[in-house]
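# Observations on the model geometry
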Amino acid sequence: MKMQKINEMQINTDSVHFRALISRSVTGKTNGRIYLNITFSDDTGDIDARYWNVKMEDIKDFETGTVVEGVGDIINYNHQKQMKVLQLKKLILSDDEKLKFVVHAPIDKEEMMKELNRYISLIREQTMHDITMSLIEKNKEAYSISPAASHNHHEYASGLLYHTITMLKVAESLIGIYKTLNRDLLYAGIILHDIGKIRELSGPVSPSYTLEGNLLGHISIGAQMINEEAGRLGYSNENVVLLEHMILSHHGKKEYGSPVLPQLKEAEILYFIDNIDARMFMMDKALNETEEGNFTARLFALDNRSIYKQKKENEH
């Protein structure tokens, strides 16, 4: 029987055969029935699913991070594609094999790393250039494959790198408009703003928070990495402090996790670019899962809003 990829699954199709990674698995109970609320993922996307009447002794086989083979019906639930699982079987695979079931960034990571190095070469100020280059070289593999988050935005393999490259492109345009921006500081700040996520998150296969990530968070981790690398390279000037400020303030508000507010033009720009790119990603992802002429499900990370998907005849 042919296995279908998630992006091939069509609503109102019965007995679809598939192989996928469980990227989320939550046990629930209703009317005495135990069920699993699952998100299945493969290299083409993900789909929400319900596995009803599952046995308690089987639940451990269907934990997050497990690859499975199964059969399910594809239904329409509140204008969203959802699967009703009929059969499910656990597969034993290595971590490298599991990567084949993970969505990757739309651009090859090697190509993106070349582009990242081009931006690093444009950083002329010695302190910022050396710290940025050294941290990227030391953490090249993790930086190139890590997701940008465990959920919400760019939560796929090489998501951190793709998110960073997109932000650099936006920054490059803004530098052409706002001539007084410090290009070196803005580029270095963007490249390093989320570097702490390589230690905050477990990796691209079902990313979860590490102990360090839970206790410290990527903002503190990133600022610490810059401080330590500056010391190793023998730098203790103002530019080190400015670069640390970019990382510490990039969430923009204390209630969003930044210990300080942006107090540099470049820090303000970094906050807005980061926010724009994350929000566009979340909207696009939700819209891709929604039929034309309907609203998406409410998006908690976007103030619990629903986004309308325009009909194609209304697009220009």
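Conventions adopted
Residues numbered from 1 in each chain as written. Predicted model: local features only at pLDDT ≥ 70, side-chain atom pairs only at ≥ 80, totals over all residues. Heavy atoms only, no water. Axes fitted to C-alpha atoms, helices over the stretch in contact; angles between N-to-C directions. Helix = DSSP H or I, 4+ residues; strand = E, 2+ residues; numbered from the N terminus. Parallel < 35°, antiparallel > 145°, perpendicular 65-115°, else oblique. Left-handed = near helix turned anticlockwise from the far one by under 90°. Contact = heavy atoms within 4.5 Å. Nonpolar A, V, L, I, M, F, W, Y, C, P; charged D, E, K, R; others polar. Pairing = 2+ DSSP bridges. Core = buried A, V, L, I, M, F, W, Y, C linked by side-chain atoms within 4.5 Å. Buried < 20%, exposed > 50% of the residue type's maximum accessible area, 1.4 Å probe, protein only.

On to the packing of helix α7 (residues 183-192) against helix α10 (residues 238-248). Look at α7 against α10: their axes get within 9 Å of each other, and the N-to-C directions meet at 50°. It follows from the interaxial angle that α7 and α10 lie oblique. Note that α7 runs across α10; the crossing there is right-handed. Of α10, the residues touching α7 (which contributes Leu185, Leu186, Ala188, Gly189 and Leu192) are Leu242, Leu243, Met246 and Ile247. Partitioned by chemical class, the residues of the contact of α7 with α10 number 8 nonpolar, 1 polar and no charged.

We now examine the sheet that holds strand β4 (residues 67-77). Strand pairing in a sheet relies on backbone hydrogen bonds, with the paired strands running either antiparallel or parallel. Taken together, the 5 strands give a closed barrel; going around it, the order is β1-β2-β3-β5-β4, and neighbouring strands pair in mixed fashion. Along the sheet, successive strands turn relative to each other by an average axial angle of 50°, direction set aside.

Moving on to the nonpolar core. Core analysis: the biggest nonpolar cluster contains 48 residues, and Leu116, Ile136, Leu186, Ile191 and Leu192 have the highest contact counts within it. When contributions to this core are tallied by element, the ones reaching two or more residues are α3 (109-121), α4 (126-138), α6 (159-177), α7, α9 (211-233), α10 and α11 (265-288). Discounting chain neighbours no more than four positions away, the residues touching isoleucine 191 are Leu116, Tyr119, Ile120, Ile123, Thr132, Ile136, Tyr143, Thr164 and Leu168. With 21 residues, the next largest nonpolar core counts Ile6, Ile34, Tyr51 and Leu88 among its residues.

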